[in-house]
Amino acid sequence: MVSIIVQLIFIFLFIRQILITAVAIWTYQTGDAPFRSTELSVIKDLISEYKIPKNKVIYDLGSGSGFATFALAKYLPENKFISIENNLILHLIANLKNIFHFDKDRFYFLRSDLFNIDLSKAQVIYLYMSEGANRKLRPKLEKELVKGSIVMALRFEFNSKKFKLVKTIK
């Protein structure tokens, strides 16, 4: 019995990895925001650098499979998260991961195009996109975000006259 359960878990993880790899290749070839996972060490750097206030809702734009959302949540237990992803497969994977979370009421996974979401209530935003995607998203954030909002843009600089660059983490 235990052997069958172990085999089923292995098959599930194997299929999941194949799907994530296929999506990564597909998004790299077709979109402005190719799928890349954030390293856990980078998440720790972000937490220590940005001094994220407690009890704020953190928006993860282009959240992919939810890795960064769940990693941030591990170090920010008082915060809630809204993760927005347009890719159906990655959105489903994130929701499957959330099923196994004991505090799943802290997470809301939304499948939508970022440009169809009202971000005027967002005070903390995490994003890991390409330079092109950042350029397209910048006018929306400049228009909708309130003064004092934190935008954590990973790897690619998010230049704006309205936002201050705190630190570039490569």
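The shown structure was predicted, so the numbers you read here are calculated from the model rather than taken from an experiment.

The rules behind these values
Residues numbered from 1 in each chain as written. Predicted model: local features only at pLDDT ≥ 70, side-chain atom pairs only at ≥ 80, totals over all residues. Heavy atoms only, no water. Pairing = 2+ DSSP bridges. Helix = DSSP H or I, 4+ residues; strand = E, 2+ residues; numbered from the N terminus. Axes fitted to C-alpha atoms, helices over the stretch in contact; angles between N-to-C directions. Contact = heavy atoms within 4.5 Å. Buried < 20%, exposed > 50% of the residue type's maximum accessible area, 1.4 Å probe, protein only. Arc of directions from axis to C-beta. Core = buried A, V, L, I, M, F, W, Y, C linked by side-chain atoms within 4.5 Å. Right-handed = clockwise from strand over helix to strand, strands pointing away. Phe/Tyr/Trp six-rings, centres within 6.5 Å; stacked < 30°, edge-to-face > 60°. Salt bridge = Lys/Arg side-chain N within 4 Å of Asp/Glu carboxyl O.

Looking at this structure, how should I read the sheet that holds strand β5 (residues 150-153)?
The strands that make up a sheet pair up through hydrogen bonds in the backbone, lying either parallel or antiparallel. One open sheet holds the five strands; their spatial order is β3-β2-β1-β4-β5, and the pairing between them is parallel. Strand pairing shows two members of the sheet lacking a second neighbour, β3 (107-111) and β5, which therefore form its edges. Across the sheet, the axes of successive neighbouring strands diverge by a mean angle of 15°, strand direction being ignored. Judged from the five bridges that link them, strand β1 (residues 57-61) and strand β2 (residues 80-85) form a sheet pairing that is parallel. When the sheet's bridge partners are listed, D60 is paired in β2 with S83. Strands in contact with helix α4 (residues 88-99) are β2 and β3; relative to β3, the strand with the most contacts, it is inclined by about 160°. Strand contacts of helix α5 (residues 131-144): β1, β4 (124-127) and β5, with the helix running at about 170° to β4, the strand carrying the most contacts.

How do you make sense of unusual backbone geometry when you look at a structure like this?
Glycine aside, the phi torsion of most residues is negative, and most peptide linkages are trans. We note that N55 has phi near 60°; this positive angle belongs to a residue other than glycine. Within the secondary structure, N55 is located in the loop between α2 (40-50) and β1. Residue classification places N55 among the exposed residues on the basis of a relative accessible area of 63%.

How do you make sense of α2 when you look at a structure like this?
Structural remark: α-helix, 3.6 residues per turn; residues separated by three or four positions point the same way. Burial in α2 covers these residues: V42, I43, L46, I47 and Y50. One side of α2 carries all its buried residues, which in axial view fall inside an arc of 140°. The elements touched by buried residues of α2 are α3 (67-75), β4 and β5. Just downstream of α2, K51 is the residue with a positive phi angle, here 50°.

Can you walk me through the nonpolar core in this structure?
Inside soluble globular proteins, nonpolar side chains tend to come together where they are buried. Residues L46, I52, Y126 and M152 are the most contacted members of the largest nonpolar core, which totals 23 residues. Among the elements of the structure, α2, α3, β3, β4 and β5 are those that each provide at least two residues to this core. Among the nonpolar cores identified, the runner-up in size contains 17 residues, and L119, L127, L141 and L145 belong to it.

Sorry if this is basic, but what is going on with the pairing of β2 here?
Here is the key point about a regular strand: its side chains alternate between the two faces of the sheet. The buried fraction of β2 is high, at five of six residues. Traced from β1 through α3 to β2, the parallel crossover comes out right-handed. Bridging between β2 and β3 involves five bridges; their strand directions are parallel. Across the sheet, I82 pairs through a bridge with Y108, a residue of β3.

Would you explain the packing of aromatic side chains in this entry?
Scanning the entire structure with this criterion turns up four aromatic pairs. Between the aromatic rings of F81 and F107, the centroid separation amounts to 5.8 Å while the plane-to-plane angle is 20°, which identifies the pairing as stacked. Taken together, the residues F81 in strand β2 and F107 in strand β3 connect sequence positions 26 residues apart. Overall, the relative accessible area of 2% leaves F81 in the buried class. By relative accessible area, F107 is classed as buried at 8%. Ring-pair connections join several aromatic residues into one group, and the members of that group are F70, F81, F107 and F109.

What exactly am I supposed to notice about the pattern of salt bridges here?
Opposite charge on two side chains permits pairing when their charged atoms draw close. Using the criterion set out here, one finds one salt bridge in the structure. The partner of K140 in a salt bridge is E144, and the shortest N-O contact between them spans 2.7 Å. In this pair, K140 and E144 both sit in helix α5, four residues apart, roughly one turn of the helix. A single burial state applies to K140 and to E144, both of which are buried.

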